[in-house]
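Tertiary structure, described
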Amino acid sequence: MPSNQSPLGALPSRFRRPRILLIGCGDVGMRVARQLAPRVQLLALTSSPERLPALRAAHIRPLTGNLDQPATLRRLAGLASRVIHLAPPPTENLPDWRRDPRTLALLRALRLRTLPLSLVYGSTSGVYGDCQGEWARETRAVNPHTPRAWRRVDAEQQLRFFGRSSGVTVHTLRIPGIYAPDREGGTPRIRLVKGTPVLLAADDVYTNHIHADDLARACVAALWRGKPQRSTNASDDTQLKMGDYFDLAADLYQLPRPPRVARSTAQDALSLMLLSFMSESRRLDNTRLKQELRLRLRYPTVAQGLLEG
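Below or above, wherever it landed, is the structure these notes cover.

Reading the values: rules and limits
Residues numbered from 1 in each chain as written. Predicted model: local features only at pLDDT ≥ 70, side-chain atom pairs only at ≥ 80, totals over all residues. Heavy atoms only, no water. Salt bridge = Lys/Arg side-chain N within 4 Å of Asp/Glu carboxyl O. Helix = DSSP H or I, 4+ residues; strand = E, 2+ residues; numbered from the N terminus. Buried < 20%, exposed > 50% of the residue type's maximum accessible area, 1.4 Å probe, protein only. Pairing = 2+ DSSP bridges. Axes fitted to C-alpha atoms, helices over the stretch in contact; angles between N-to-C directions. Contact = heavy atoms within 4.5 Å. Phe/Tyr/Trp six-rings, centres within 6.5 Å; stacked < 30°, edge-to-face > 60°. Lys NZ or Arg CZ within 6 Å of the ring centre and 35° of its normal. Right-handed = clockwise from strand over helix to strand, strands pointing away.

What about the pattern of salt bridges?
- Within this structure, the stated rule accounts for 22 salt bridges.
- When the shortest N-O distance is used, the salt bridge between Arg 137 and Asp 285 registers 2.9 Å. Here the residue Arg 137 occupies a position in the loop between β6 (135–136) and α4 (147–166), and Asp 285 occupies one in the loop between β15 (283–284) and α9 (287–291), the gap between them amounting to 148 residues.
- Put simply, Arg 230 and Glu 292 hold a salt bridge, and the shortest N to O gap is 2.8 Å. You can see Arg 230 sitting in strand β12 (residues 230–233) and its partner Glu 292 sitting in the loop between α9 and α10 (302–308), a full 62 residues away along the chain.
- The exposure class assigned to Arg 230 is partly exposed, which follows from its relative accessible area of 25%.
- On the accessibility criterion, Glu 292 (21% relative accessible area) is partly exposed.
- Shared partners join several salt bridges into a network, and the residues in it are Asp 204, Asp 244, Asp 247, Asp 251, Arg 257 and Arg 260.

Take a look at the structure:
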């Protein structure tokens, strides 16, 4: 019997399950949902009608709307007590390539009614730019080098202002490369089979990773334990240069190690996207992830995560 039809009346708010709104319910969002259910009521924004059955099967209430169409977001206002925002900024048809209009549209919708208690945002470690192999702690100033990183910085700034001006606890996770054997494109196997080159050791850069399941757990931890207007590096303990990472994966998969090329000739063999990743080198400090969010990583190194699969 619904609570509002019960002889005892509606349940007091402290006895109701919290409502969690997922914005961007892809692979990581679905993993977050599995972490949370059945302790909470889950809602997810989707612009794809074909995803409705899968969301319902996962006990998620789908809400049809599109972050690129702000008028469709009004129903989100006042619906949830907590929000996880994992939707990336758009990449085309932008009046200003440095701005994230999707986050702006979401925050405008949330302001229309009762605000959530907390909001977790999935950003990128790319906001640090090239650190030349140095450690990147959350106190380091952002220095974006790519359009996609600029848009993430804009989203972080919008959310920080939203939190400070409204009292909502906003916590940002800065995420590196996400991997998982059961995630589409979640391992380097295809690149290894293709024989895609990596840089010579003298030109190589540090790379950082997080297992998709650990990232989902980090989202949940930040939702309940994240400090207001703070950022956390969501990374594992691995300290590897990119070429060494692919060598390690090749050995684990019993595949040939990838060829090495000099940076000066890499543009002849690699896509612009890969070259952009190979132009930034940093090591992410994850102390705050483990101490403040009290997250014990299930896969502290890439080797353990890849072997798990």
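Re the sheet that holds strand β7 (residues 169–175)
- Overall, parallel pairing links the seven strands, which are arranged β3-β2-β1-β4-β5-β7-β12 in an open sheet. At either margin of the open sheet sits one strand with a lone partner, and together these are β3 (60–64) and β12. Looking at each pair of strands side by side, their axes are set apart by 20 degrees on average, direction ignored.
- As paired strands, strand β1 (residues 19–23) and strand β2 (residues 41–46) are joined by five bridges and run parallel to one another. Note that in β2 the partner of Leu 22 across the bridge is Ala 44.
- Each of β4 (82–85), β5 (118–124), β7 and β12 is contacted by α4, which is oriented at about 165 degrees to β5, the strand it contacts most.
- Along the sheet, helix α6 (residues 212–225) contacts β1, β4, β5 and β7; its crossing angle with β7, the most-contacted strand, is approximately 160 degrees.

Considerations on the packing of aromatic side chains
- The full count for this structure, using the stated rule, is two aromatic pairs.
- A ring pair is formed by Trp 97 and Trp 150, whose centres lie 6.4 Å apart and whose planes are at 85 degrees; its orientation type is edge-to-face. Remark: Trp 150 occurs in helix α4 and Trp 97 occurs in the loop between β4 and α3 (101–110); sequence separation between them is 53 residues.
- For Trp 97, a relative accessible area of 45% puts it in the partly exposed group.
- Just above the ring of Tyr 253 sits the side chain of Arg 189; from NZ or CZ to the centre is 4.1 Å.
- Across the ring face of Tyr 206, the terminal group of Arg 283 is positioned such that the distance to the ring centre comes to 4.7 Å.

Details of the pairing of β1
- Taking burial as the measure, the five residues of β1 include four buried ones, the bulk of the element.
- Following the chain from β1 across helix α1 (residues 27–36) to the adjacent parallel β2, one finds a crossover that is right-handed.
- Sheet analysis places β1 next to β4, joined by four bridges and oriented parallel. Directly across from Ile 20, in β4, lies its bridge partner Arg 82.

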